[in-house]
Each structure stands twice: as structure tokens, then as C-alpha cells.
Amino acid sequence: MAMPISCSAFRRTALILALVSGGMPAFAQESTSQSANQSATQIASNQPAGEVVLIPNRVIYPGETIELAALKQVTLIPGKHKPDAMATRAEELQGKVAKRTLLPGRYIPSTAIREAWLVEQGAAVQVFFIAGGLTISATAVTLQPGSAGDLIKVRNSDSGKILSGTVMADGTIQVSAS
């Protein structure tokens, strides 16, 4: 004789099946008020705080730049809030690079995205040392990639000495006395 399934067990099983099959999160529904071809500014300006979020609509692979065309706008069910440390707004996602595979219908953890590299590994860059009125410049090769503000290692092309410096917004490296 079959045992009756409790309501909570049925819901739990349905949730597991939805998550395994790659479905939408159980607490969100697709927003029908927005078309898929809207521009980034329209999507960003129409987001009520805490109600509308962006999630991937296809698999986004590591190293791929996140474009708004790869994202889908969903509305959270009333009373539900997005988990902390999740990137869900256009400003947080546009132009960023995926550090790991992002699956459709899932939130995007803030730790799974990064800024695009300003300098690539192995690139020739200008290195500057500035102290008061003294400025020393040299050419170096980057030993690791970096974004603006990152501390990276570079090798001086003339001396072969390895230096640590900060990537500046213009793609140069600024080193300090050590």
C-alpha cells in the first residue's frame, strides 16, 4: 500500500527536480513587462530596488565578458529577497568577466565576476617611479594580468629585476620605494 506524500515533501521534490533540470529559481518569475531587446540604460533605469534582478539566460563561460544580451530580467516573488553577495543589477554586471561558469536561471555571486584586465600577462608596459620632483621611467614586461588598482609583478626589460607595482588607469605601472 502506497504511503501518502506530505505537502512539504512534494514541494521539496518539485524544487529539487526544478533545480536539477536547470530551471528558474523557485522564488522568481520571468518579468513580462520588459522586452529582451532593451538597451542597457532602459534595463538599469527600470529596476525597482529589491524586486527586479538580472540572471543569465544562457551559460556564460569563464573568461567571457558579460553582456546584457546574455542576461534575463526576472521579478522576485513578493516577500523574497536576493541573497547577500550576489550581483543582480546591470551596473554590477555589464562589461565584467566571468571567473567561473555561470548557469542560466541562477544568481551570479559577486565572487564569480571580475573587472576586465587592463594589462595582460607578457605585455610591454611603462613603469614609473615618482618621488617628489623625481620621475624615473622604464620599460617592463608584466608577469601577471591586472586591472586598475591591482598590485602586480613586472620584470624590468633592461636589468631583469622583478618589481611590484600598481596598475594605473592609463595602463602604466607605478612602483614605490621598497
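Since this is a predicted model, take the numbers as computed values, not measurements.

Conventions adopted
- Residues numbered from 1 in each chain as written.
- Predicted model: local features only at pLDDT ≥ 70, side-chain atom pairs only at ≥ 80, totals over all residues.
- Heavy atoms only, no water.
- Helix = DSSP H or I, 4+ residues; strand = E, 2+ residues; numbered from the N terminus.
- Contact = heavy atoms within 4.5 Å.
- Core = buried A, V, L, I, M, F, W, Y, C linked by side-chain atoms within 4.5 Å.
- Buried < 20%, exposed > 50% of the residue type's maximum accessible area, 1.4 Å probe, protein only.
- Phe/Tyr/Trp six-rings, centres within 6.5 Å; stacked < 30°, edge-to-face > 60°.
- Lys NZ or Arg CZ within 6 Å of the ring centre and 35° of its normal.
- pLDDT = per-residue confidence, 0-100.
- Pairing = 2+ DSSP bridges.

### Some details on the side chain of Ser147
Looking at where Ser147 falls in the secondary structure, it is placed in the loop between β9 (134-142) and β10 (151-156). Ignoring sequence-local partners within four residues, the contact set of Ser147 consists of Glu115, Ala116, Trp117, Leu118 and Val167.

### So, the nonpolar core
Ile60, Ile66, Leu71, Leu93 and Leu102 are the most contacted members of the largest nonpolar core, which has 14 residues in total. If we skip the residues at most four places from it in the chain, Leu71 touches Leu54, Ile55, Pro56, Asn57, Ile60, Ile66, Leu93 and Ile108. Judged by nonpolar contacts, the second largest core, of nine residues, contains Val119, Val154, Ile173 and Val175.

### Thoughts on the packing of aromatic side chains
One pass over the full model with this rule turns up zero aromatic pairs. Above the ring of Trp117, the side-chain terminus of Arg114 is found at 3.9 Å from the ring centroid.

### A few points about the confidence of the model for the chain
Averaged over all residues, the pLDDT of the chain equals 78, while 71% of them reach at least 70. Between the elements of the chain, mean pLDDT differs from a low of 40, seen in helix α2 (residues 40-45), to a high of 96, seen in β10. Contacts from residues 20-26, a stretch scored under 50 in pLDDT, to residues over four places away or in other chains number 14 contacts. Predicted confidence is poor over residues 29-50, with pLDDT under 50, and the contacts of this stretch with residues over four places away or in other chains come to 28 contacts.

### Some remarks on the pairing of β10
Only one face of β10 is covered, namely the face carrying Ile152, Val154 and Asn156; the face carrying Leu151, Lys153 and Arg155 is uncovered. Examined bridge by bridge, β9 and β10 share three bridges and lie antiparallel to one another. Each residue of the ladder has a partner; that of Ala140, found in β10, is Asn156. The pairing of β10 with strand β11 (residues 162-167) spans five bridges and is classified as antiparallel. Across the sheet, the residue bridging to Val154 is Leu163, located in β11. The hairpin formed by β10 and β11 contains five residues between the paired strands, and Gly160 there has a positive phi angle of roughly 80 degrees.

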